[in-house]
Amino acid sequence: MQSNPEKERIIATPKNSGWKKWGPYLSERQWGTVREDYSADGSAWTYFPYEQAISRAYRWGEDGIAAISDTKQRMCFGWAFWNGKDPYIKERLFGVANPEGNHGEDVKELYYYLDSTPTHSYMKMLYKYPQNAFPYRKILEQNARRGRDEPEYELIDTGVFQKDEYFDIFIEYAKASEEDILIKVTACNRSVKKARLDILPTLWFRNTWYWGYEDQTYVPNVAASGRNYIVAEHEDVGKYYLYFEGEPEELFCENETNRLKVFGQPNPRPYPKDSINDYIISGGEIKYLNPQKTGTKGAIRNTLQVNPKGEVTLRFRLSHRYMETPFINFDEKFTERKTEADVYYADLQKNIKDADLRKIQRQAYAGMLWNKQFYNFNVDQWLTGDPASAAPPESRLNIRNQSWRHLHNGNIISMPDKWEYPWYAAWDLAFHCIPLAKLDPSFAKRQLVIFLREYYMHPNGQIPAYEWNFSDVNPPVHAWGAWKVYAIDKEMNGGKGDKQFLASVFHKLLMNFTWWVNQKDREGNNLFEGGFLGLDNIGVFDRSHPLPNGAYIEQADGSSWMAMYSLNMLRIAIELATYEESYQEMASKFFEHFLFISKAMRNITEDEIDLWDSEDEFYYDILHLPADNQSILLKVRSLVGLIPMFAVEILTPEMIGQLPDFTRRLEWVLKNRPDLARMVSRWHEPGRGESRMLALMRIHRLKRTLRRMLDETEFLSDYGVRSLSKYHKDHPYVMQMDGITYSVQYLPGESESGMFGGNSNWRGPVWFPVNYLIIESLVKYYEYYGDEMTVEYPTGSGTFLNLKQVAEELMARLLRIFQLNEKGERPFYGGDAKFNHDPYFKNHMMFYEYFHADTGRGLGASHQTGWTGLITDLIDRLETARIAREGKPTESKTEKKEVVG
C-alpha cells in the first residue's frame, strides 16, 4: 500500500498546532468590518473604507493577498505587487463597499484557490493582475450608475483583460517541516509585450502594542541582516528568517497608522504603515523608509521585466531555522510536498472516475481550506474602547451587540468568504463542516464545539449569528451539523464514533434548544417565529423587525426548523443511549417535543387554522392581525413551504431494540395521547427493513409538496430547486397593510430590494444549503418507503422515480452548474466568452454564494466555498450511485406506480 504522509499528518495533528501552526489565516478584507468600526452611528463601511486600509493600522486582524500567518495571527506573511502604473501598490483585494455596489458589497478582483492540503503542507493560489492601471475609479462610477435591476459591473467588464495584458501570478507554499515554509511565486506574462512587475513578499506583525494595555507593550521586530535574509522576532512566536535570492531592495517601516495622512494629527513615530507604498509610488524617495532597516513591517522588492508570453519564478523561505544554504534542497522538497498532496487527493478521490469531477472537487476543497481565518474579537473591549484611544461615542452602546460583552473570540474559524464575509456565520458553519469532516474530522468537530463554549454562546443559550448582529436568529442546524460530522467521522474510523464529542455538543445544545423554546415561541403554543432565519428577503415583510399594530407572523419554516431540531437531538440522544442508558430519557423528551410541534402546526387557533393550505396543498406562513382579529395565510410559494420536509427521522429495529425505556415511553404516548399519535407519520406501519419513520409531513402532504417542487414551471430549475416558485413571475404576491403595498415576485438573479443590504436574494435563485437539505430529506424518506413510493419527475413528464433517484437527479442538476455543458462552457460563468473559452480561465472554478435559477450563473460572494463546498459531498454521492448502478441491471424509470398514503 502506498504511504500517505498527509493523511498521517492530519491524524497526528488534531489541533491547530504543529503542521497547522502556519496557514492561510488572514482575512482578505479587514477594512469595512464591524470590528474596525468605532463610529458614532455604526457606519462600518464609511468609518474604515478601502482607501484608508493602506495607511491605517487595524485593531483586530490583518488582511492580505494569498497571505499566511501563525494560528494567532501575530506574525504575517503576504504579498504586494505593482505594475508601475497603479496609484498604489496592490497589498489587498479591492472591492466596492455595501453603499457603493448596486447589489451591496462585492470584490472586484480575479483570484482562484487552486489547491491545499488540510495541514497546509502544500497550497496554491492564482491572482490575475492587470498590467495597465487598475480601473478603481471606473468600477466605482459604473456601479454607482447602475440600479438594482442591472447586473453588477465587474473587473472583466472594464476591458483590462481584453488584450491579455495581465499577469497570472501563481503563489505556492510547501512546508519543509512544521515551521519551515518554502515559498514560490511564478509570474506569467500573458501579453505579447514585455511588462514590468514589482513583487514584494512582505513580513509584518499584527499591531498589538498600539492600544495602551500594560500587558501588551512588547513591540516585535523585523530587520535586515546584511546577508540573504531578513530576521523577524516575536516573544510568542519566536525568531524566523525570511530567505531570498539575488539582490532585491529591503524596505522597512512600522505597521502603525499614518495619523498625519488619515486624521491630520502628528505621527508618534516616523515610517508608518504606508511608507513602503509611498517610497515605491514616489519613485524612490528615501525619506519614507527607515534608514536603520528595521521596523514591524518589512518587504523585499523584486523589480522584474517579464518577456512576452514569458514567466519568471522567485523563491523564498520562511523558517525558524538559521541556514547557510537555504535553497540547496528547495526544489526537491517542494516537489515532495506537491506529490504528497497528489497522493492524498488520489486516495480521497479514488472512486471518482471523471477527471473533470476530480478537478471541480479538488478546487472546492481548496476553497474550503483557504477560507480558514483567525477571527479575533473581544466585544467588551470593543464597546469600552482602548486606553490609548479616545473613548468611543456613547451612542455606539445602542447600535449593536451591547448584550454580547461576554463574547471573546480568538480562534481559527471556517469563513463563508474571506472577502465578502470575513466573519463567521453560525448556520453557514454547520454546512461548512460536512466537506471539512471528509478532509480533517478533528478540525470540523472543533468548529462545532467552540461555538458552544462559554465565551461564544450567550449565557441565555443563544449561539452568536454574525458580527453585524450577534442576536440575529439563524436556522438551528448546529445539531444537524454535529450529527453529520459525527457520522462521517464514525464511518471513516471503521464504525468507531467519537461519543465524547457528541455528548459535549449535545449537553450545550440543550441550552440552545431551551433558548429557542423560551424566546421564539411567543404564545407558548409550540409555534416558532424565529425572524428572518437566514433567508433574507424571502418573505413579504422583513421578518427580523416587529410589524405595525401588534401584527406578527407564525412561520412555517420557524416551526419546521424546530421540529427538525427536535429530531436531530432525538437521534443524537439515541446514539448516546447505546453507551449510557440515561440518555433514553432525553430521547423521550425530544420525541414528545417533536409531536407537540407537529400538532401545533396543524391546529394553530381554536378555528383550527393550519399552516398547510388544503386548497393550494402547500405550507405558508400565517399573518396574525390582532387589531382586526384576523389571521391570513401569506400565499407565497417559497422555500418556507418546503422546509417542513426537513423534519424527518428514521428509526431502525436495531436502534429501538437497544432502548427499552425509550420504546416503552414512546408506545405509551402513542397509546394514551391519540391527539399526538396521529401526528406521527406511519409509526405503526413498518417500512423497509421494519424501520419506523417520524416525519412532519404525512405521505399525502409530502407527495403534494413534491409535485410542486419537481414542477419545472414552479420550483425545479435546470440547476436545482429554486428558492421561490417561478409561478410568481407572472403572478406576484401582492398585499396591502396600513396603506402600504407589499409584493413578492420571482427574481431568478440578483435582488431588486435593499432588504438585508440587498447583497443576496432568496426570491428565486438556487442556494446550495437548502438544496442539500432537500436531498438529505428525500434520501431519508427513501430509507422508509423504498421503491414502493414513486413520484413523477419532472412533474408532468410521465416518468416516475423513487425518492432516492429523485435525490440523485437533483444532485446532478446542482453539479451541472460547474460541469462543462454541450457548448464547452461552465454555467456558473454566465456565458462570458473569456471565462468559458480562454485556456487561462476556463478550468479555474469559483464557488459562488448562490446561482441564477434560469442560467446557473454565479451570484453574490464569488468565493463562498463555505456552503457551496457541499458540491464535494454531492460528487462523492453521485459517484457512489454510479458504481452501484454499474454493478446492477439498469432499472426502469418509467413504470407508473404510486403508493396510497
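Once a new chain begins, its residue numbering starts again from 1 and follows that chain's sequence as written. With the structure being a predicted model, the display of local features is reserved for residues of pLDDT at least 70 and the display and counting of side-chain atom pairs for 80 or more, all residues being used for whole-chain, interface and lining totals. To obtain the side-chain values, all non-hydrogen atoms of the structure were used and water was disregarded.

(A) Representation of the overall build of the protein in the model. A run of H or I in DSSP counts as a helix once it spans at least four residues, and a run of E counts as a strand once it spans at least two, with each numbered from the N terminus. Helix and strand content of the protein: 25 helices and 34 strands. Using C-alpha atoms as the atom set, the radius of gyration is obtained and then compared with a globule rule of 2.2 Å times the number of residues to the power 0.38. The globule rule puts the C-alpha radius of gyration for 901 residues at 29 Å, and the 28 Å found for the protein is close to it. Expressed as lengths along the three principal axes of its C-alpha atoms, the size of the protein is roughly 85 × 65 × 55 Å. Looking at the protein residue by residue over its 901 residues, the buried ones come to 64%. Any two residues whose heavy atoms approach within 4.5 Å at even a single point are treated as in contact. In the protein, 72% of the contacts between residues at least 6 apart in sequence involve partners at least 24 apart. Note on areas: Shrake-Rupley, 1.4 Å probe, and residue coverage restricted to the protein chains presented here. Summed over all atoms, the accessible surface of the protein reaches about 32500 Å², with 47% contributed by carbon and sulfur. When charges are counted, Lys and Arg are positive and Asp and Glu negative, with His and the chain ends excluded. Lysine's charge is taken at NZ, arginine's at CZ, aspartate's at CG and glutamate's at CD. Positive and negative charge centroids in the protein, built from 109 and 125 side chains respectively, lie 3 Å apart. Only protein chains enter the accessibility calculation, which uses a 1.4 Å probe. A residue is then buried if its area is under 20% of the maximum for its type, exposed if over 50%, and partly exposed in between.

(B) Structural context of the nonpolar core. Grouped together as the largest cluster of nonpolar side chains are 285 residues, with contacts concentrated most on Trp79, Phe81, Tyr173, Leu623, Leu706, Met709 and Ile774. Looking at this core, the element that brings in the most residues is helix α14 (residues 556-577), giving 14 residues. What Met709 contacts, discounting residues up to four positions off in sequence, is Leu642, Met645, Phe715, Leu716, Val721, Ile774, Leu778 and Leu810. Nonpolar cores are built from buried Ala, Val, Leu, Ile, Met, Phe, Trp, Tyr and Cys residues. Side-chain atoms within 4.5 Å join them into one set. If you look at the next biggest cluster of nonpolar residues, it comprises 13 residues, including Tyr229, Val231, Phe330 and Ala341.

(C) Examining the confidence of the model for the protein more closely. Confidence along the protein averages 93 in pLDDT terms, with 96% of residues attaining 70 or more. For every residue, the pLDDT score states the predictor's confidence, bounded by 0 at the bottom and 100 at the top. Counted against residues more than four places away or in other chains, residues 889-901, with its pLDDT under 50, gives 23 contacts.

(D) Inspection of the pairing of strand β26 (residues 692-695) at higher detail. Covered by surrounding structure in β26 are Arg692 and Leu694 together with Met693 and Ala695, the residues of both alternating faces. Relative to β26, strand β25 (residues 648-651) is paired through 4 bridges, and the arrangement is antiparallel. Paired with Glu649 across the strands is Leu694, a residue of β26. Two strands make a pair as long as DSSP finds a minimum of two bridges between them.

(E) Seen up close, the environment of Asn512. Mapped onto the fold, Asn512 is located in helix α13 (residues 499-519). Classification of Asn512 by relative accessible area gives buried; the value is 4%. Between the alpha carbons of Asn512 and Glu154 there is a distance of 41 Å; along the sequence they are 358 residues apart. Residue contacts for Asn512: discarding those within four places in its chain leaves Met457, Gly461, Gln462, Ile463 and Tyr565.

(F) Structural context of the pattern of salt bridges. A pair is scored as a salt bridge if a Lys or Arg side-chain nitrogen falls within 4 Å of a carboxyl oxygen belonging to Asp or Glu. This model, assessed by the stated rule, comprises 67 salt bridges. With a shortest N-O distance of 2.7 Å, Asp380 and Arg405 are connected by a salt bridge. Here the residue Asp380 occupies a position in helix α9 (residues 379-384), and Arg405 occupies one in the loop between α9 and β19 (408-414), the gap between them amounting to 25 residues. Measuring nitrogen to oxygen at the nearest pair gives 2.6 Å for the salt bridge that ties Arg708 to Glu714. With respect to class, Arg708 is no different from Glu714; both count as buried. Through salt bridges with shared partners, a single network forms among Glu6, Arg9, Lys333, Glu336, Arg337 and Glu340.

(G) Spotlight on the pairing of strand β7 (residues 122-130). Buried residues dominate β7, accounting for 8 of its 9 residues. Inspection of the sheet shows strand β6 (residues 110-116) paired to β7 by 6 bridges, in the antiparallel sense. Bridging across to β7, Tyr113 finds its partner in Met125. What sits between the antiparallel neighbours β6 and β7 is a turn of 5 residues, in which His120 has the positive phi angle 60 degrees.

(H) Looking closely at the UniProt feature "domain: Mannosylglycerate hydrolase MGH1-like glycoside hydrolase" (unreviewed entry) in the protein. Here, UniProt's "domain: Mannosylglycerate hydrolase MGH1-like glycoside hydrolase" (unreviewed entry) annotation points to residues 421-529 and 700-865. Helix makes up 55% of residues 421-529 and strand makes up 0%, while its end C-alpha atoms are separated by 26 Å. UniProt positions are given in the numbering used here, feature names are shortened, and annotations may be inferred rather than shown by experiment.

(I) Molecular detail of the packing of aromatic side chains. Ring geometry is summarised as follows: Phe, Tyr and Trp rings, the Trp one being its six-membered ring, pair when their centres sit within 6.5 Å, and such pairs are stacked at plane angles under 30 degrees, edge-to-face over 60 and tilted between the two. Taken as a whole, this structure holds 82 aromatic pairs when the rule is applied. Ring geometry for Tyr50 versus Tyr88: centroids 6.3 Å apart, planes at 55 degrees, classification tilted. Of this pair, Tyr50 sits in helix α3 (residues 50-53) while Tyr88 sits in the loop between β3 (75-82) and β4 (95-96), and the two are 38 residues apart along the sequence. Exposure class is identical for Tyr50 and Tyr88. Each is buried. When the centroid spacing of 6.3 Å and the interplanar angle of 85 degrees are considered together, the rings of Phe77 and Tyr173 count as edge-to-face. Linking Phe77 in strand β3 with Tyr173 in strand β8 (residues 166-177), this pair joins segments that are 96 residues apart in sequence. Residue Phe77 is classed as buried on the basis of its relative accessible area of 0%.

(J) Inspection of helix α22 (residues 803-815) at higher detail. A helix is expected to span 1.5 Å for every residue after the first. Between its first and last C-alpha, α22 extends 18 Å over 13 residues, near the 18 Å set by a 1.5 Å rise per residue. Burial of α22 is extensive: 10 of the 13 residues sit out of reach of the surface. Residues of α22 that are buried: Leu803, Gln805, Val806, Ala807, Glu808, Leu810, Met811, Arg813, Leu814 and Leu815. For this analysis, a polar contact is any N or O atom pair within 3.5 Å, provided that within protein one partner can donate a hydrogen and the other can accept it, and provided that sequence-adjacent residues contribute only side-chain to side-chain pairs. Measuring from the backbone nitrogen of Lys804 back to the side-chain oxygen at the start of α22 gives 3.0 Å, which picks out Asn802 as the cap.

(K) How the structure looks around the sheet that holds strand β15 (residues 294-295). Taken in spatial order, the 9 strands make up an open sheet running β6-β7-β8-β9-β17-β13-β12-β11-β15, and their pairing is antiparallel. A strand with exactly one partner marks an edge of an open sheet, and here the two such strands are β6 and β15. Pairing between strand β12 (residues 229-234) and strand β13 (residues 238-244): 6 bridges, direction antiparallel. In the sheet register, His234 faces β13, and the bridge partner there is Gly238. Note on geometry: axes are lines fitted to C-alpha atoms, helical ones only across the stretch in contact, with angles between N-to-C directions running from 0 to 180 degrees. Sitting on the sheet, helix α7 (residues 330-348) is in contact with β6, β7, β8, β9 (180-189) and β17 (311-319), with an inclination near 90 degrees to β8. Of the strands in this sheet, β6, β7 and β8 are in contact with helix α8 (residues 355-370), which crosses β6 at around 100 degrees.

(L) Main features of empty space enclosed by the protein. Points on a 1 Å grid, built from protein atoms alone, make a cavity when a 1.4 Å probe fits but cannot get out and make a pocket when they are open with protein on both sides within 12 Å along at least 5 of 7 lines; residues with an atom within 4 Å of a point are the lining residues. Grid points are joined across faces, edges and corners, and a volume is the space filled by probe spheres set on the points. Considering all chains together, one arrives at 10 cavities of 30 Å³ or more under this definition. Empty space within the largest cavity amounts to approximately 150 Å³. Considering the residues around the largest cavity, the lining is formed by 17 residues, among which Ala426, Ile463, Asn474, Pro475 and Pro476 are closest to the centre. Elements with a contribution of two residues or more to the lining of the largest cavity: α10 (426-439) and α13. Classification convention: Asp, Glu, Lys, Arg as charged; Ala, Val, Leu, Ile, Met, Phe, Trp, Tyr, Cys, Pro as nonpolar; all other residues, Gly among them, as polar. Its residues assigned to classes, the lining of the largest cavity shows 12 nonpolar, 4 polar and 1 charged.

(M) Inspection of the sheet that holds strand β16 (residues 297-306) at higher detail. An order of β1-β2-β3-β10-β16-β14 is seen for the 6 strands of this open sheet, with the pairing classed as antiparallel. The sheet is open, and its two borders are formed by β1 (22-23) and β14 (249-253), each paired with just one other strand. As defined by bridge partners, β3 adjoins strand β10 (residues 195-205) across 8 bridges and the pair is classed as antiparallel. Looking across to β10, one finds that Phe81 is bridged to Ile199.

(N) A look at the side chain of Glu340. Along the chain, Glu340 turns up in helix α7. The class for Glu340 is buried, based on a relative accessible area of 9%. Discounting chain neighbours no more than four positions away, the residues touching Glu340 are Pro5, Glu6 and Arg9.

(O) Looking closely at α8. With 16 residues, α8 extends 22 Å from end C-alpha to end C-alpha; this agrees with the ideal 22 Å at 1.5 Å per step. Of all the 16 residues making up α8, 13 are buried; the element is thus mostly covered by neighbouring parts of the structure. You can read the cap of α8 off the contacts: a side-chain oxygen lies 3.0 Å from the backbone nitrogen of Asp356, and it is on Asp354.

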